[in-house]
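# An overview of the molecular structure
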Amino acid sequence: MANQPDFMFDFDFSKYLGDLKVPGLDMEALVSSQRRNLEALTQVNKTALDGMQAVMKRQAEILRQLVEEASQAAQDIVKAETPQDKLSRQTELTKEAFEKTVSNLRELMEMMAKSNTEVADVLNSRVGQILDEARDLVAKQQLPFKDLVKKD
C-alpha cells in the first residue's frame, strides 16, 4: 500500500478540464490560476512548518539549559552553610529563573509572530494576484452587463 501513488497528486485536472468548453471562460487561465494557488499553499505550509520547527528547536535548547541551570542551582543551595544562606540563595535563584522564563517566552512569541507574518505575507500576495487575475479576465472578456443577464 505504501508504494501506491497518491491519486490527488498524480491526477492532472488540466487534461480533463481542457476538453470542457464554457463560453466566456478561459479554462487555461483558470487551471493556471489554481496551479498558482496550490503553489502558494505549498509555500505557506513550508513557511509555517519551518517556523514551527525553529520554535521547537529553540524550546529544546531552552529545556536543556533549564536542566543544566536547575542542577547547578540545587548544588548551590546545598553548598550554602546556614538556613538563611540557603533561603537567600533559593530566593535569588527563583528570581533569576522567573526573569529567564519571561525572556524565553518573549523570544518564542517573537519567533512565532515572525513566522505568522511570513505566512500572512504569502497569503496576502496571492490574494492580490487572484484579484488582479479576476480583473484582467473580466477586462479581457469585455462583455457588457446586459449580455450576462438572461431576458425572459
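Because the structure is a prediction, the values reported are computed rather than measured.

About the cut-offs
Residues numbered from 1 in each chain as written. Predicted model: local features only at pLDDT ≥ 70, side-chain atom pairs only at ≥ 80, totals over all residues. Heavy atoms only, no water. Helix = DSSP H or I, 4+ residues; strand = E, 2+ residues; numbered from the N terminus. Buried < 20%, exposed > 50% of the residue type's maximum accessible area, 1.4 Å probe, protein only. Contact = heavy atoms within 4.5 Å. Areas by Shrake-Rupley, 256 points an atom, 1.4 Å probe, with all protein chains shown as cover. Expected span 1.5 Å × (residues − 1). Salt bridge = Lys/Arg side-chain N within 4 Å of Asp/Glu carboxyl O. pLDDT = per-residue confidence, 0-100.

As a further point, take the overall build of the chain. When helices and strands are tallied, the chain shows five helices and zero strands. Put simply, the chain runs from its N terminus to its C terminus through helices and strands in the order α-α-α-α-α. Among the 152 residues that make up the chain, the fraction classed as buried is 13%. Sequence-distant contacts in the chain: of pairs separated by 6 or more residues, those separated by 24 or more amount to 67%. Carbon together with sulfur atoms contributes 60% to the accessible area of the chain, which is approximately 12,700 Å² in total.

In this model helix α3 (residues 27-79) runs 78 Å from its N-terminal to its C-terminal C-alpha over 53 residues, within 8% of the 78 Å that 1.5 Å per residue would give. Where α3 is concerned, the buried positions are M27, V31, S33, A40, V44, T47, G51, V55, R58, I62, A73 and D76.

The next point concerns the pattern of salt bridges. Within this structure, the stated rule accounts for 12 salt bridges. Residues R89 and D76 are paired through a salt bridge, measuring 3.0 Å at the closest nitrogen-oxygen approach. Taken together, the positions of R89 in helix α4 (residues 83-141) and D76 in helix α3 put the pair 13 residues apart, joining distant regions of the chain. The partner of E118 in a salt bridge is K114, and the shortest N-O contact between them spans 3.7 Å.

Moving on: the side chain of N104. Residue position: N104 is located in helix α4. Relative accessible area serves as the criterion here: at 11%, N104 is assigned to the buried category. Residues within four places of N104 in sequence aside, it is in contact with R58 and I62.

Turning our eyes to something else, we now look at the confidence of the model for the chain. For the chain, mean pLDDT is 83; residues scoring 70 or higher make up 75% of the total. Model confidence for the chain, summarised as mean pLDDT per element, is weakest for helix α1 (residues 7-10) at 55 and strongest for α3 at 92.

On to the environment of Q43, then. The topology assignment puts Q43 in helix α3. With 80 residues separating them along the chain, Q43 and L123 place their C-alpha atoms 9.3 Å apart.

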